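Examination of the molecular architecture
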Amino acid sequence: MANFSGLHILFFSFIIATGALSVVSGTVFTIVNRCNFPVWPGILTGDNGVQLNGGGFALNTGASVDVAAPAGWSGRIWGRTGCNFDAFGTGSCLTGNCGNKVQCSGAGGAPPATLAEFTIGHGGAMDFYDVSLVDGYNVQMEIKTQGGSGDCQNVGCISDLNKICPNELSVHNGGSVVACKSACEAFGSPQYCCTGAFNKPETCPPTDYSRIFKTACPKAYSYAYDDATSTFTCANANYSIIFCPTI
Ligand SMILES: *[C@@H]1O[C@H](CO)[C@@H](O)[C@H](O)[C@H]1NC(C)=O
């Protein structure tokens, strides 16, 4: 017991001495489900960092969960739909599936899936964020900034692209469209994937397919070189990530 208390004192002295307490107040992501169906958010930390909340959980209609991210955090958040998990958290999802567990634990989501992408700044530096349809679309999503300074726009894809998805890009389940592939994923050609001779902005302009995404969701990435109108910045903010924001 004496040793245990000693360790505590040592630990707190360390925190005070290094100012490490300030690290605890990073960025808060409030993940909200306004869809009239459950969503299983997936969270993937880049660069082999710590997986927030184990990388995934269930979120019923109307529920919200706060996820704390440390300064410098970089990663993506998406929604999985049509999931079936047993009491051990084992199962799978129709869209955004990340393996066979409710916690993605470092696995990415299978496209097509709408992605919220973040790079959080260190010590008051700008955060970079966007909603990306480069890997396709599965669910309506909005990023709303809370507080912070700078341009701090609310962005996302709040149209239901499943309703206007061209047949050749549609992912069906039963009678309904549950996701919409990117043209790159559907056809794999360099022109749509911006690879090979098309690997720079000058040689990879928007296509008829990417324009469908851009028209419906002007503040989301519609294809790989859509940076100018799709990346946003804000400093010292928290963020809400809302599934089905208009419902
Ligand atoms: C972010 O959320 C935390 C925890 O609720 C809060 O302490 C902090 O003031 C918030 N920051 C902003 C910019 O709203």
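So, here's what we can say about the structure. (Residues numbered from 1 in each chain as written. Predicted model: local features only at pLDDT ≥ 70, side-chain atom pairs only at ≥ 80, totals over all residues. Heavy atoms only, no water.)

Let's talk about the site of the ligand
- Taken together, Val-28, Gln-146, Asn-236 and Asn-238 make up the full set of residues adjacent to the ligand.
- Contacts to the ligand include Asn-238, whose side-chain N or O atom sits 2.3 Å from an oxygen atom.
- Taking 360 Å² as the accessible area of the ligand by itself, protein coverage stands at 37%.
- Of the residues in the shell around the ligand, the class split is one nonpolar, three polar and no charged. (Near = heavy atom within 4 Å. Polar contact = N/O pair within 3.5 Å; in protein donor to acceptor, adjacent residues only side chain to side chain. Areas by Shrake-Rupley, 256 points an atom, 1.4 Å probe, with all protein chains shown as cover. Nonpolar A, V, L, I, M, F, W, Y, C, P; charged D, E, K, R; others polar.)

Concerning the side chain of Ser-170
- Along the chain, Ser-170 falls in strand E11 (residues 170-173).
- At a separation of 3.0 Å, a polar atom in the side chain of Ser-170 contacts the main-chain carbonyl oxygen of Pro-166.
- In this view, Ser-170 contacts Cys-165, Val-177 and Ala-179; residues no more than four positions away in its chain are not counted. (Helix = DSSP H or I, 4+ residues; strand = E, 2+ residues; numbered from the N terminus. Contact = heavy atoms within 4.5 Å.)

Focus on the sheet that holds strand E9 (residues 141-146)
- Here we have five strands laid out as an open sheet, ordered E3-E1-E14-E9-E10, and mixed in their pairing. Each edge of the open sheet carries a strand with a single partner, namely strand E3 (64-69) and strand E10 (155-157). Between one strand axis and the next, the sheet turns through 20° on average, direction left out of account.
- Pairing of E9 with E10 involves three bridges; the strand directions are antiparallel. Of the residues in E10, the one forming a bridge with Ile-143 is Val-155. (Pairing = 2+ DSSP bridges. Axes fitted to C-alpha atoms, helices over the stretch in contact; angles between N-to-C directions.)

Here we look at the sheet that holds strand E2 (residues 40-45)
- Across the sheet, which stays open at both edges, the five strands sit in the order E2-E4-E7-E8-E13 with antiparallel pairing between neighbours. Looking at which strands have only one partner, the edges of the open sheet turn out to be E2 and strand E13 (232-235). Within the sheet, the average angular offset between the axes of one strand and its neighbour, ignoring direction, is 20°.
- Relative to strand E8 (residues 126-132), strand E7 (residues 115-119) runs antiparallel, the two being bridged by five bridges. Of the residues in E8, the one forming a bridge with Glu-117 is Asp-130.

Some details on the state of the cysteines
- For the structure shown, the criterion picks out eight disulfides.
- Between the sulfur atoms of Cys-35 and its disulfide mate Cys-244 the distance is 2.0 Å. Between Cys-35 and Cys-244 the disulfide shows an S-S torsion of about 85°. By sign, it is right-handed. With Cys-35 in the loop between strand E1 (27-33) and E2 and Cys-244 in the segment after strand E14 (238-243), this residue pair connects regions lying 209 residues apart in the sequence. (Disulfide = S-S within 2.5 Å.)

Some points on the environment of Ser-210
- Within the secondary structure, Ser-210 sits in helix H5 (residues 208-216).
- Taking relative accessible area as the criterion, Ser-210 reaches 4% and is therefore assigned buried.
- Ser-210 sits 18 residues away from Tyr-192 along the chain, and the two C-alpha atoms are 8.5 Å apart.
- Among all residues touching Ser-210, those that are not within four sequence positions of it are Ser-222 and Tyr-223.
- A distance of 2.9 Å separates a polar side-chain atom of Ser-210 from the backbone nitrogen of Thr-207. (Buried < 20%, exposed > 50% of the residue type's maximum accessible area, 1.4 Å probe, protein only.)

Things to note about the pattern of salt bridges
- Applying the stated rule across the entire model yields four salt bridges.
- Between Arg-76 and Glu-117 there is a salt bridge, with the nearest N and O atoms lying 3.6 Å from each other. Placement of the pair is Arg-76 in strand E4 (residues 74-80) and Glu-117 in strand E7, with a sequence separation of 41 residues.
- Of the residues examined, Arg-76 reaches a relative accessible area of 25% and is grouped as partly exposed.
- Looking at Glu-117, the relative accessible area reads 21%, which means it is partly exposed. (Salt bridge = Lys/Arg side-chain N within 4 Å of Asp/Glu carboxyl O.)

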